[in-house]
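# Geometric and topological summary
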Amino acid sequence: MPTLTRAGVSLSYRDEGKGPAVLLLHAFPLNSDCYWPQLESLSGKWRLIAPDHRGFGQSKVGQGPTEMRTMAEDALAILDACGVDRAVVAGVSMGGYAAMALLRVAPSRVRALVLVDTQARADDEEGRARREQTARAVEERGVEVLVESMLPKLVAPECKPEVRSRIKRQIEAASRQGAAAALRGMALRPDSREVLKEFKGPALVVAGEKDAIIPVDRAEELAGLLSGSRLVKLPGAGHLPQVEVAEAFNRELHAFLSTLNG
Ligand code: MLT
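Right, let's walk through the structure included here. Not measured: the values here are computed from a predicted model. (Residues numbered from 1 in each chain as written. Predicted model: local features only at pLDDT ≥ 70, side-chain atom pairs only at ≥ 80, totals over all residues. Heavy atoms only, no water.)

Regarding its fold elements, the protein presents eleven helices and eight strands. What you see for the protein is a C-alpha radius of gyration of 17 Å, in line with the 18 Å of a compact globule of 262 residues. Seen through its principal axes, the protein has C-alpha atoms that stretch 50 × 40 × 35 Å. Relative to its 262 residues, the protein shows a buried fraction of 57%. Taking all contacts inside the protein whose residues are at least 6 apart in sequence as the whole, residues at least 24 apart take part in 79%. Surface exposure of the protein reaches about 10900 Å², of which carbon and sulfur atoms provide 47%. Looking at charge distribution, the protein has the averaged site of its 35 positive side-chain charges lying 2 Å from that of its 34 negative ones. (Helix = DSSP H or I, 4+ residues; strand = E, 2+ residues; numbered from the N terminus. Rg over C-alpha atoms; globule rule 2.2 N^0.38 Å. Buried < 20%, exposed > 50% of the residue type's maximum accessible area, 1.4 Å probe, protein only. Contact = heavy atoms within 4.5 Å. Areas by Shrake-Rupley, 256 points an atom, 1.4 Å probe, with all protein chains shown as cover. Lys, Arg positive; Asp, Glu negative; His and termini not counted. Charge placed at Lys NZ, Arg CZ, Asp CG, Glu CD.)

Below, the structure written as structure tokens:
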């Protein structure tokens, strides 16, 4: 995997395929491998750039909380290294928070948006306290805490066992410091509703109908905020439709990307 170093932190990313660039920002507590069905099927037509956020996969963790803005700036540095000025910016869940942060700091670099099982709202006080509790549990007992608490909610009950196992391996590969820093970073994220309202480009909003982590009405809200959006609800999928119902997801993504000109 190519790497670059940003302010002393080594960041790894996948860069596969040729064509218009699509930046794929991954969910918590996974890594760029959570886009394997897209990397396998869509890189014939598009250039897919998928970072490991700092503290995940092969990227090293930085100091303090990993704020969504930092993730966005890391992704921008990766686009720079790839010689890409504008990209379709896609994010699943936490990756969606990072995509909204990128839109806030560098709107001119966003050609189109794809937001999957994510939300524009910030955490409330209770949500922030819960994240801190989980961050401490992860620091003390390791990422097994996340396997136990999150894996049953990340995918729908009908998810194929091999898909569930691959997601589990990604959680197990996360470092406890990286996961705790991202939890604290997510707790600090601002509300993005105003930023989304300003965006007039094309957008695709996707939700797994059985998402047990972010309610589907948050996707409806996103679609309402984005004037150029199309909302797709995928049956049989939970929080990670890009792997749970990969074929249906890829069909939607392919159709959306094919509508983009220039
Ligand atoms: C994720 O899947 O990225 C996280 O569950 C998002 C969150 O905790 O808000």
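There is more to say after this.
On to the layout of surface pockets. Taken as a whole, the largest pocket spans an internal volume of roughly 750 Å³. Surrounding the largest pocket, 28 residues form its lining, Gln 119, Asp 123, Arg 130, Arg 131 and Ile 213 being those nearest its centre. The set of elements that each furnish at least two residues to the lining of the largest pocket consists of helix 3 (94–105), helix 4 (125–141), helix 5 (144–154) and helix 7 (176–187). For the lining of the largest pocket, the per-class residue count stands at 13 nonpolar, seven polar and eight charged. (1 Å grid on protein atoms, 1.4 Å probe; cavity = no way out; pocket = protein on both sides within 12 Å on 5 of 7 lines; lining within 4 Å. Points joined across faces, edges and corners; volume = space filled by probe spheres on them. Nonpolar A, V, L, I, M, F, W, Y, C, P; charged D, E, K, R; others polar.)

Moving on, we get to the pattern of salt bridges. Side chains that carry opposite charge are capable of pairing whenever their charged atoms lie near each other. What the rule picks out here adds up to 21 salt bridges. Put simply, Asp 74 and Arg 6 hold a salt bridge, and the shortest N to O gap is 2.5 Å. With Asp 74 in helix 2 (residues 68–81) and Arg 6 in strand 1 (residues 3–6), the pair connects residues that are 68 residues apart, well separated along the chain. By relative accessible area, Asp 74 is classed as buried at 4%. Among the salt bridges present, the one from Arg 131 reaches Asp 123, with a minimum N-O distance of 2.6 Å. Under the relative-accessibility criterion, Arg 131 is labelled buried at 17%. Classification of Asp 123 as buried rests on a relative accessible area of 12%. Taken together, the shared-partner salt bridges connect Arg 6, Arg 54, Arg 69, Glu 73 and Asp 74 into one network. (Salt bridge = Lys/Arg side-chain N within 4 Å of Asp/Glu carboxyl O.)

With respect to spatial proximity, the complete set of residues near the ligand consists of Ala 27, Phe 28, Ser 93, Met 94, Tyr 97, Arg 131, Met 150, Met 186, Ile 213 and His 239. For the ligand, the accessible surface in isolation is 270 Å², of which the surrounding protein chains cover 93%. In a pocket analysis with a 2 Å cut-off to the grid points, the ligand is assigned to the largest pocket. Of the residues in the shell around the ligand, the class split is seven nonpolar, two polar and one charged. (Near = heavy atom within 4 Å. Sits in = over half its atoms within 2 Å of the grid points.)

To continue, consider the side chain of Gln 170. Relative to the elements of secondary structure, Gln 170 occurs in helix 6 (residues 161–173). Gln 170 gets classed as buried once you look at its relative accessible area, which sits at 3%. Side-chain polar atoms of Gln 170 contact the backbone nitrogen of Cys 34, separated by 3.4 Å. If we skip the residues at most four places from it in the chain, Gln 170 touches Pro 29, Leu 30, Asn 31, Asp 33, Cys 34 and Trp 36. (Polar contact = N/O pair within 3.5 Å; in protein donor to acceptor, adjacent residues only side chain to side chain.)

Moving on, we get to the packing of helix 2 against helix 3. Relative orientation and spacing of two packed helices are given, respectively, by the angle between their axes and the distance between those axes. Between helix 2 and helix 3, the shortest axis-to-axis distance is 8 Å and the interhelical angle comes to 75°. It follows from the interaxial angle that helix 2 and helix 3 lie roughly perpendicular. Of helix 3, the residues touching helix 2 (which contributes Met 68, Arg 69, Met 71, Ala 72, Ala 75 and Leu 76) are Met 94, Tyr 97, Ala 98, Ala 101, Leu 102 and Val 105. Of the residues assigned to the contact of helix 2 with helix 3, the class counts are eleven nonpolar, no polar and one charged. (Axes fitted to C-alpha atoms, helices over the stretch in contact; angles between N-to-C directions. Parallel < 35°, antiparallel > 145°, perpendicular 65-115°, else oblique.)

Another point: the pairing of strand 4 (residues 47–51). With five of five residues buried, strand 4 lies mostly within the body of the structure. On strand 4, burial covers both faces: Arg 47, Ile 49 and Pro 51 on one face and Leu 48 and Ala 50 on the other are all buried. As judged from the four bridges shared by strand 2 (residues 9–16) and strand 4, these two strands associate in the antiparallel manner. Across the sheet, the residue bridging to Glu 16 is Leu 48, located in strand 4. Alignment of strand 3 (residues 21–25) against strand 4, held across three bridges, turns out to be parallel. Paired with Val 22 across the two strands is Leu 48, which belongs to strand 4. For the crossover that starts at strand 3, traverses helix 1 (residues 36–41) and ends in the parallel strand 4, the hand is right-handed. (Pairing = 2+ DSSP bridges. Right-handed = clockwise from strand over helix to strand, strands pointing away.)

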